[in-house]
Amino acid sequence: MVSSKTMKISGRKWVGAGCMAMILFLSACGSNNTADTANSGSAATTAPSAAATTAPSEPKTVTDSMGHKVTVPANPQRVLGSYLEDQLVTLGVTPVAQWSVANGIQDYLSAELKDVPTISYDLPLEAVTSFAPDFIIVGSESSVQNGLYDQLNKVAPTYVLGNEINKNWRKGLTTIGELLGKSAEAEQAIKNYDQKAAEAKGKLTGAVGSQSAAVLWLVQKNFFLVDETQASGSVLYTDLGMTPPNLVTEIPADQKAAWNPVSLEKLSELTADHIFLVNSDKAEGSEILNSAIWKGIPAVKAGHVYELSSTGSWLYSGANANGKTIDDVLKLLVK
Amino acid sequence: MSKYSLTPYEKRQPHWGVTLLSVLGLLIVVIVVVSMNTGYMRLSPSEVLHTLSGQGTPQQKLILFDFRLPRIVISLLVGAGFAVSGCILQSLSRNPLAEPATLGISAGAGFAVILFISFVPASSAASIFMLPLLALAGAGLTAALIYVLAFRREEGLSPTRLVLIGIAVAAGINAFQLVLALRLDPENYQFVAIWMAGKIWGGDWRFVQALLPWILILVPFSIYKARVLNVLNLGDQTSTGLGAPVERERLLLLATAVALAGACVSVSGGIGFVGLIGPHLARRLVGPRHQILLPACALIGGLLLLTADTLGRWILQPSEIPAGVVVAIIGAPYFLYLLAKSRA
């Protein structure tokens, strides 16, 4: 392959030739691709519009929270909304895949999502492609940063709700309803929920007045307190009119998270009348609950601790989750 | 570098270097083909071929051209960049432990990126091309700091002090990084955590575009400077005696290594070990002459990282192991073996 004459060429020239070959190879890859990207891009957008010919309405173009112009197919059939399953189920839409992490799924929806395959929370692109969605909804901006949005958008039109909307399930449901042409269902679901909450509030006030209650999540030997406005916190304090305990109201506004870590020592100062304990450590024995400090908390002494399964709805938000949380509260506090 | 007594290089046949580079090139082609066939979606080799010739379904084209190929190219580029950067640093400092990660240059670049992620909302679109520049600034500042701290007027740049100060600076930066990361919201934190573990996350042709110029200019430039590196590798006094403008050349080459590392970190996060093991392997295979050592480094680095990324995609399907973790898992035992062998 290499003649003896060329071998006398100095090493440096060979090196140069090698570099050139590499550069050519790489740039060839690059230029090939640009053409193909365009191809596959247009192919992806023609697919939904073909489906639209059978649907009554037209595809519509909207702007999402990150400023992307998104063309929503007229009647999306294969929707992917990871961690938005509560909203989709409420609207009567079965997603093509459901959110999952290594150690589980959203168990409280397992009946509604029985036959729905799982997809990893970080939306691996090839997995997304394999489900062939025709519309993708993403909850938070940060989950699609640094180019992931553009990649997803190549698979199917992708709409980002944004944190502002996503952290309020009513707004989220309304927006998703508008996107999927199910505004009426969204409105009805919110109305139904509000009515259910109002009735429950009446019963609850009759039973316990406006006593205070804390929601504690025990996971891997650490306690977390729910924020007043999030998940089961919004149900208890906003919808059902219970009083948030001292430890929740004392958290400085700029350090609030949906679930705030709290040490066992700090918990000894908890003055709540009731404690709802979401125990994710049950399988590991949750020995921390045998400690003297835990047993010294007033609500624990009074026997007002209600242990909830970690497969329940208390860690989640949405019409469905919150409805189930209300059922739990009534069952536990209204005798 | 004379202690590598029985390396393949020393047992070499005539034309060894050229043969070796061709073999490495071939290996890369093989792994590229394997990598194109590896992933969540089953694509048979014939389907891959079909798609490559432009006849696949839109779905297959999307997976191959938009998801897998850019990732393959980025792995090759980043691996090559880290290995060449590590090789230059090892020769400049005459310390076999020097590489972007041990010297804190990667940490500095990463810190700049994390600062950016923490304080600029994710919705700003300009970030892809901003990241290499930011990482570069971070890497440059860190390198300057280490250089100033390690440099003594009387004795010049002491190899040991350079590495020790590098490790100290890296530890400091990592501590700051952790403090910063703890204040992030969970989703940003997750991104940062995965990023710090070294994942080829920028599977996008725009990342290739952002990275390619750096590699295309700096790798050939360092090869062009190979003879200077050969001389500097002999130590300051000898180099000065041989007539090399030591200080100027060293700064220039240091800047090259830092820029390469910074650009790579911005796309792949903190992937260590490639910059350490790549040059070591290359030196055992082709010897200390930088004319052939640097290209060998580039090829071996690319090969290593691509292999690691392909394995990471395959071992625990459907989840992925960051390539940086895979490199460390493969790299650490090999490195211990090398150490044990060089003692004996």
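Residues numbered from 1 in each chain as written. Chains lettered and ligands numbered in written order. Predicted model: local features only at pLDDT ≥ 70, side-chain atom pairs only at ≥ 80, totals over all residues. Heavy atoms only, no water.

Named according to an unreviewed UniProt entry, chain B is Iron ABC transporter permease originating from Paenibacillus albidus. What UniProt records for chain B under Subcellular location (unreviewed entry) is the sentence "Cell membrane". Per UniProt, chain B carries the Sequence similarities (unreviewed entry) text "Belongs to the binding-protein-dependent transport system permease family. FecCD subfamily." (UniProt positions renumbered as here; feature names shortened; annotations may be inferred.)

In the annotation of an unreviewed UniProt entry, the entry for chain A reads Ferrichrome ABC transporter substrate-binding protein, and the organism field reads Paenibacillus albidus. Comment text from UniProt for chain A, heading Sequence similarities (unreviewed entry), reads "Belongs to the bacterial solute-binding protein 8 family." You can read under Subcellular location (unreviewed entry) in the UniProt record for chain A the words "Cell envelope".

Caption draft 1: Spotlight on the pattern of salt bridges. Residue and element names in this part refer to chain A. According to the stated counting rule, one finds 15 salt bridges over all chains in the structure shown. Salt-bridge contacts for Glu112 lead to Lys324; the nearest nitrogen and oxygen are separated by 3.5 Å. Of this pair, Glu112 sits in the loop between strand 4 (98-100) and strand 5 (118-120) while Lys324 is found in helix 13 (residues 319-333), placing the two residues 212 residues apart along the sequence. Using a relative accessible area of 34% as the deciding quantity, one classes Glu112 as partly exposed. The class for Lys324 is partly exposed, based on a relative accessible area of 26%. Salt-bridge contacts for Arg170 lead to Asp239; the nearest nitrogen and oxygen are separated by 3.9 Å. Of the two residues, Arg170 is situated in helix 6 (residues 169-179) and Asp239 in helix 8 (residues 231-239); the sequence distance between them amounts to 69 residues. (Salt bridge = Lys/Arg side-chain N within 4 Å of Asp/Glu carboxyl O. Helix = DSSP H or I, 4+ residues; strand = E, 2+ residues; numbered from the N terminus. Buried < 20%, exposed > 50% of the residue type's maximum accessible area, 1.4 Å probe, protein only.)

Caption draft 2: Layout of the UniProt feature "coiled-coil region" (unreviewed entry) in chain A. Per the UniProt record, the feature "coiled-coil region" (unreviewed entry) sits at residues 176-203 of chain A. Helix makes up 89% of residues 176-203 of chain A and strand 0%. Its end C-alpha atoms lie 32 Å apart.

Caption draft 3: A look at the environment of Ser35 of chain B. Residues and elements named next belong to chain B. For Ser35, the location among the structural elements is in helix 1 (residues 16-36). Owing to a relative accessible area of 0%, Ser35 belongs among the buried residues under this scheme. For Ser35 and Trp314, which are 279 residues apart along the polypeptide, the C-alpha to C-alpha distance reads 9.4 Å. Apart from residues lying up to four places away in sequence, Ser35 is in contact with Arg68, Ile72, Leu306, Thr310 and Arg313. (Contact = heavy atoms within 4.5 Å.)

Caption draft 4: Inspection of the nonpolar core at higher detail. In this structure, Leu152, Leu236 and Phe276 of chain A are the most contacted members of the largest nonpolar core, which totals 173 residues. Considering every element that reaches this core, the biggest residue donor is helix 3 (residues 58-93) of chain B, with 20 residues. Summarising the domain contributions, this core has at least three residues from each of domain 1 (60-182) and domain 2 (207-333) of chain A. With near-sequence residues (within four places) excluded, Leu236 of chain A lies in contact with Ala213, Val215, Gly241, Met242, Phe276, Trp314 and Val329 of chain A. Ala214, Leu247, Val262 and Trp294 of chain A belong to the second-largest nonpolar core, a separate cluster that totals 19 residues. (Core = buried A, V, L, I, M, F, W, Y, C linked by side-chain atoms within 4.5 Å. Domains from an automatic or database assignment.)

Caption draft 5: Representation of the sheet that holds strand 6 (residues 135-138) of chain A. Residues and elements named next belong to chain A. Strand order in the open sheet made by the three strands is 3-6-7, with parallel pairing throughout. Bordering the open sheet on either side are strand 3 (79-80) and strand 7 (158-160), each of which pairs with just one other strand. When strand 6 meets strand 7, the two strands line up parallel, connected through three bridges. Each residue of the ladder has a partner; that of Ile137, found in strand 7, is Tyr159. Each of strand 6 and strand 7 touches helix 4 (residues 148-155); the most contacted strand, strand 7, lies at about 140° to it. (Pairing = 2+ DSSP bridges. Axes fitted to C-alpha atoms, helices over the stretch in contact; angles between N-to-C directions.)

Caption draft 6: Spotlight on the packing of aromatic side chains. Residue and element names in this part refer to chain A. This model, assessed by the stated rule, comprises 13 aromatic pairs over all chains. Judged by centre distance (4.7 Å) and plane angle (55°), the rings of Tyr83 and Trp99 are tilted. Of this pair, Tyr83 sits in the loop between strand 3 and helix 2 (85-90) while Trp99 sits in strand 4, and the two are 16 residues apart along the sequence. The exposure class of Tyr83 is partly exposed, given its relative accessible area of 42%. Here Trp99 falls in the buried class, since its relative accessible area comes to 14%. Taken together, a centroid distance of 5.3 Å and an interplanar angle of 5° make the contact between Phe223 and Trp294 stacked. Separated by 71 residues along the polypeptide, Phe223 in strand 9 (residues 222-226) and Trp294 in helix 11 (residues 292-296) bring together distant segments of the chain. As far as burial versus exposure is concerned, Phe223 and Trp294 are alike and both buried. (Phe/Tyr/Trp six-rings, centres within 6.5 Å; stacked < 30°, edge-to-face > 60°.)

Caption draft 7: Examining unusual backbone geometry more closely. Here the phi dihedral of Tyr83 of chain A falls at roughly 70°; this positive angle occurs in a residue that is not glycine. The phi torsion at Phe273 of chain B lies on the positive side, around 70°, for a residue other than glycine. By the secondary structure assignment, Phe273 of chain B is in the loop between helix 11 (246-268) and helix 12 (274-286).

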